[in-house]
Structures are given as structure tokens and as C-alpha cells.
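Coordinate analysis (summary)
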Amino acid sequence: EGTGPIWLDDVRCQGNELSLLGCPASPWGVTNCQHREDAAVVCAEPFQLRLVDGPGRCAGRLEVNRAGQWGTVCDDGWSRTNAVVVCRELGCGVARAVGDLPQGRPRFGPGTGRIWLDDVRCQGQEGTLQDCAHRAWGHHDCTHQEDIGVVC
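Before going into details, it helps to say that this report is about the structure given with it. (Residues numbered from 1 in each chain as written. Predicted model: local features only at pLDDT ≥ 70, side-chain atom pairs only at ≥ 80, totals over all residues. Heavy atoms only, no water.)

Helix and strand content of the protein: one helix and five strands. From first element to last, N terminus to C terminus, the protein shows the α and β order β-β-β-α-β-β. For a compact globule of 152 residues, the expected C-alpha radius of gyration is about 15 Å, and the protein comes in at 21 Å, more than 25% above that figure. In the protein, which comprises 152 residues, the share counted as buried stands at 37%. In the form shown here, the protein has an accessible surface area of approximately 9200 Å², with 51% of it arising from carbon and sulfur atoms. Computed over 14 positive and 20 negative side-chain charges, the separation of the two mean positions in the protein equals 7 Å. (Helix = DSSP H or I, 4+ residues; strand = E, 2+ residues; numbered from the N terminus. Rg over C-alpha atoms; globule rule 2.2 N^0.38 Å. Buried < 20%, exposed > 50% of the residue type's maximum accessible area, 1.4 Å probe, protein only. Areas by Shrake-Rupley, 256 points an atom, 1.4 Å probe, with all protein chains shown as cover. Lys, Arg positive; Asp, Glu negative; His and termini not counted. Charge placed at Lys NZ, Arg CZ, Asp CG, Glu CD.)

What follows is the structure, encoded as C-alpha cells:
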């Protein structure tokens with residue numbers, strides 16, 4: 001609970017405002033609230049991904065950042081549709097066909113550290129890999145020998 005004056009009440013944001021002050025609300029300082037009704041917000045870090053240990057920024061082992069820590073993505077259930085989402089998110093064009101590689105998947109060596117994602121299943125229209133279905137963050141049945149690579 002906070003202390004002191006309560007400045008905003010009945011705030012009704014739509015989600016497209018540039019700041020909280022752009023949301024409709026009761027006049028500044030006019031409220032019928034008590035501090036037991038204080039609102040709180042927890043902001044998420046922006047989702048980040050990258051391709052590493054490849055010939056350039058648009059080909060390599062896929063890594064994602066969670067809580068400030070980079071980790072890899074397991075190849076279980078990986079599809080070309082997943083790669084399409086990754087390439088689009090990185091601004092790297094289309095996912096290339098990789099049929100001549102082992103199991104039809106590019107390999108850029110094992111990563112280290114956390115394996116963040118497993119059983120990723122994109123539909124193709126997602127704007128970001130984190131919007132694709134996947135196991136809970138950090139839950140997997142993989143080793144780093146199964147780290148997925150992407151070629152755009």
C-alpha cells in the first residue's frame with residue numbers, strides 16, 4: 001500500500017495510449033479510493049532473439065533472452081513455419097529450405113547455459129516467437145546437441 005495523495009482514479013485505458021496520462025480518468029486528484037485499492041504494474045522485459053555462430057546475423061543457432069540470460073531453443077517439434085516466424089521477427093526475409101542438412105535442420109554447434117524453449121509450434125501468423133505455443137520457459141527434455149539453427 002502506498003501513502004500520501006491518490007492522484008488517479010477510474011482510469012480506463014484502451015491499450016493504444018502513449019502514456020497513462022492519455023487514458024480517460026476522473027479529474028486529477030479527485031478520488032474515492034483508499035490505499036488498499038492501489039494499483040500495481042509489473043513490466044516484462046522485451047523479448048529478444050538472435051542467431052549466433054553462423055555466417056552472418058541471419059543464419060546461426062537460435063538463442064532467446066529471458067530475464068537477462070541468453071539460452072537456446074530445442075529442435076523438438078521444430079518446423080519451417082517456426083523458422084518463418086524467426087526470420088520475419090529478425091527482419092531477415094524468408095526462411096531458406098535446408099533439405100540437404102541432417103534431419104533437414106541447420107546445425108551451428110551446441111550452445112551453453114540454459115535451454116529456454118522446447119516443443120515450439122508456430123502457426124505462421126505470429127509476430128514474435130514468444131507468441132508461438134511452447135513448453136513452459138526452461139522446461140525441456142533436450143541436451144545442447146539438439147539446439148536448433150535457422151537459416152534465413
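There is more to say, and it comes next.
Taken as a whole, this structure holds three aromatic pairs when the rule is applied. The interplanar angle of 65° and the centroid separation of 6.2 Å between the aromatic rings of Phe-47 and Trp-137 together place this pair among those described as edge-to-face. Of this pair, Phe-47 sits in the segment before strand S1 (48-56) while Trp-137 is found in the loop between strand S4 (114-117) and strand S5 (149-151), placing the two residues 90 residues apart along the sequence. Each of the two residues, Phe-47 as well as Trp-137, counts as buried. Relative to Trp-137, the ring of Trp-116 lies with its centre 6.0 Å away and its plane at 70°, an arrangement referred to as edge-to-face. (Phe/Tyr/Trp six-rings, centres within 6.5 Å; stacked < 30°, edge-to-face > 60°.)

The next thing to look at is the state of the cysteines. Under the criterion given, the structure shown has five disulfides. A sulfur-sulfur distance of 2.0 Å marks the disulfide that ties Cys-122 to Cys-132. Disulfide Cys-122-Cys-132: torsion about the S-S bond near 100°, hence right-handed. Of this pair, Cys-122 sits in the loop between S4 and S5 while Cys-132 sits in the loop between S4 and S5, and the two are ten residues apart along the sequence. For the protein, the bonded cysteines pair up as 1-2, 3-6, 4-9, 5-10, 7-8 when numbered in the order they occur along the sequence. Residue Cys-33 stays outside any disulfide, its sulfur separated by 14 Å from that of Cys-13, the closest cysteine. Looking at Cys-33, the relative accessible area reads 23%, which means it is partly exposed. (Disulfide = S-S within 2.5 Å.)

A few words on helix H1 (residues 80-90). Buried within H1 are the following residues: Asn-82, Ala-83, Val-85, Val-86, Cys-87 and Leu-90. The elements touched by buried residues of H1 are S1, strand S2 (59-66) and S5. Following H1 by one or two positions, Gly-91 adopts a phi angle in the positive range, close to 70°. (Contact = heavy atoms within 4.5 Å.)

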